[in-house]
Structures are given as structure tokens and as C-alpha cells.
Number of protein chains: 2
Amino acid sequence: MSSSNSACGACKYRRQKCTKECVFAPYFPPDQLHKFAKVHEVFGASYVAKLLSELCANLREDAVNSLAYEADMRLRDPVYGCVGQISILQHRLKLVQNDLYK
Amino acid sequence: MSSSNSACGACKYRRQKCTKECVFAPYFPPDQLHKFAKVHEVFGASYVAKLLSELCANLREDAVNSLAYEADMRLRDPVYGCVGQISILQHRLKLVQNDLYK
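These figures come from a predicted structure and were not determined experimentally. (Residues numbered from 1 in each chain as written. Chains lettered and ligands numbered in written order. Predicted model: local features only at pLDDT ≥ 70, side-chain atom pairs only at ≥ 80, totals over all residues. Heavy atoms only, no water.)

Asks: Is there a simple way to think about the relation of the copies chain A and chain B in this case?
Replies: Relating one copy of the chain to the other requires a rotation about an axis plus a shift along that axis. Each copy of the sequence occupies a distinct position, and chain A is placed on chain B by a rotation of 180 degrees and an axial shift of 0.0 Å, giving an RMSD of 0.0 Å. Such a combination of turn and shift is consistent with a two-fold rotation axis. In this assembly the copies share their binding face: 100% of the residues contributing to the interface of chain A also contribute to that of chain B. (Least-squares fit on C-alpha atoms with pLDDT ≥ 70 in both. Contact = heavy atoms within 4.5 Å.)

Asks: Explanation requested: the nonpolar core in the structure shown.
Replies: For soluble globular proteins, the rule of thumb is that nonpolar side chains tend to be buried together. Core analysis: the largest hydrophobic core is formed by 53 residues, its most contacted members being Phe24 and Phe43 of chain A together with Phe24 and Phe43 of chain B. Filtering out sequence-adjacent residues up to four positions away, Phe43 of chain A remains in contact with Val48, Leu67, Glu70 and Ala71 of chain A together with Val42 and Phe43 of chain B. In terms of nonpolar packing, the next biggest core, distinct from the first, is built from 14 residues, Cys82 of chain A together with Cys82, Val83 and Leu89 of chain B among them. (Core = buried A, V, L, I, M, F, W, Y, C linked by side-chain atoms within 4.5 Å. Buried < 20%, exposed > 50% of the residue type's maximum accessible area, 1.4 Å probe, protein only.)

Asks: Looking at this structure, how should I read the packing of aromatic side chains?
Replies: To describe a pair of aromatic rings, one takes the distance between the centres and the angle between the planes. Residues and elements named next belong to chain A. The final tally for this structure, using the stated rule, is 11 aromatic pairs over all chains. Here Tyr13 and Phe36 contribute two aromatic rings whose centre-to-centre distance is 5.7 Å and whose plane-to-plane angle is 65 degrees, an arrangement assigned as edge-to-face. On the criterion of sequence distance, the pair formed by Tyr13 in helix α1 (residues 9–14) and Phe36 in helix α2 (residues 33–43) is long-range, its members being 23 residues apart. Ring geometry for Phe24 and Phe28: centres 6.0 Å apart, planes at 70 degrees, overall edge-to-face. Under the relative-accessibility criterion, Phe24 is labelled buried at 4%. An aromatic cluster is present here, built from Tyr13, Phe24, Phe28 and Phe36 joined pairwise through their rings. The side chain of Lys35 reaches across the aromatic face of Phe28, ending 5.5 Å from its centre. (Phe/Tyr/Trp six-rings, centres within 6.5 Å; stacked < 30°, edge-to-face > 60°. Helix = DSSP H or I, 4+ residues; strand = E, 2+ residues; numbered from the N terminus. Lys NZ or Arg CZ within 6 Å of the ring centre and 35° of its normal.)

Asks: Honestly, the interface of chain A and chain B in this entry has me stumped. Any pointers?
Replies: Frequently, the measure chosen for interface size is the accessible area that the parts lose on association. Taken together, the contact between chain A and chain B spans 31 residues of the former and 31 residues of the latter. Both faces combined, the contact of chain A with chain B buries some 3,000 Å², and carbon together with sulfur accounts for 67% of it. On inspection of chain A and its partner chain B, the count reaches 4 salt bridges. For the interface between chain A and chain B, the tally reads 9 residue pairs in polar contact (both at pLDDT 80 or more). Put simply, the parts of the chain that give the side of chain A that touches chain B at least two residues each are α2, α3 (45–53), α4 (57–76) and α5 (81–101) of chain A. When the residues that make up the side of chain A that touches chain B are grouped by side-chain class, the tally is 19 nonpolar, 5 polar and 7 charged. (Buried area = accessible area lost by both parts, 1.4 Å probe. Salt bridge = Lys/Arg side-chain N within 4 Å of Asp/Glu carboxyl O. Polar contact = N/O pair within 3.5 Å; in protein donor to acceptor, adjacent residues only side chain to side chain. Nonpolar A, V, L, I, M, F, W, Y, C, P; charged D, E, K, R; others polar.)

Geometry only, nothing functional implied.
Shown next, in the form of C-alpha cells:
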């Protein structure tokens, strides 16, 4: 929740007025514009707003953190994103399991 | 590449004319509307078009498949999406490593 003088990171980034009903404000502080910028670039503000509004308030922070992680991974690795990380972990798990049960 | 009579899955879904320059056509066949629908819901068509246009042609299929997987995971698990899968794999890897090196 922010007044127009202390817009949240999402509203500051989009140069919009931040109201007390702003769905982004609790999760995007004004000093972390990059967090919103990445999520915005990959998922878009309207998708994130829709997703948050459909979730219970106690799940929203986890959702934002997972979206931020996914967005960051996609920007680092535009081809595989998070899925690249999943493949690496699956491969490592297979190798360790082979060592364990050989 | 599609004529307007055989629009790709992305153009068919968006009810747009599919041209021979369509960036979606090679990766979204007309009989797989659901594949595009999921990617569209989570990432949006313009982000996907931009991402594909910035990649070498030989990497685009992998990119589409990873986007489709991520979108599917996010729709199944709106809070954690792919990141939930990463957490599970990290946890399993830790357990197996503990067994291996105990």
C-alpha cells in the first residue's frame, strides 16, 4: 500500500499512480525496480496482476518470488529458462542415483 | 509457414491471418491450439514473438518447448510453477547425496 508520493516499484516503473488497492505494492518495493522490470518484461503486468488477484493473500509473496525467479532465468537463458535448470537437476539426480545403487 | 486457409495454431487461436513470415507457424501446428493457448495466457503473444525473432532459427523449437512447459507448469501450479519442480528436485538431490556420502 502506497501513497502517490511513495509509489511501489511496479507503479514507479510504469509511471502510474499507486493506490492503496495496488495489488503489486506489498511485493514490489520502490527500491527494487529491477524486480518488477524483469517480471514485467517476461510475463507482463496484466498477467501478474490477474494471477495475484486470484490467489489468497498468504500465497502471493511466494508467487511473486517464483515469477521473479522464472523471469530472471528466462532473461539469463532465453532458450531454456527455468527448464534448463530442471534438466540439469534431473541429470545430476540420475548420476547420483546411479552412484548410490550401482 | 501457412496460407490463410491453413493458419497455424497461434493465428487460428488469435483469429488472425497467417502469413508466410509468421514467426509462430513452424512451432504451433493448427491441431495444437492448446499449446499456443497456454503460452499465450502466461507469456502473451508479443513477448513470445519478440523472443523467437531474437533467436537463431535452430534454437526456436527448444525455446517454444521450454515456454510451453513453463506455461503448463504455471497453470497447474499458479503459485510456484516450474520453481516448485526445481525445489522438489533440489530436495531429492540433497536426500540422495546424504544417502550416498553418509
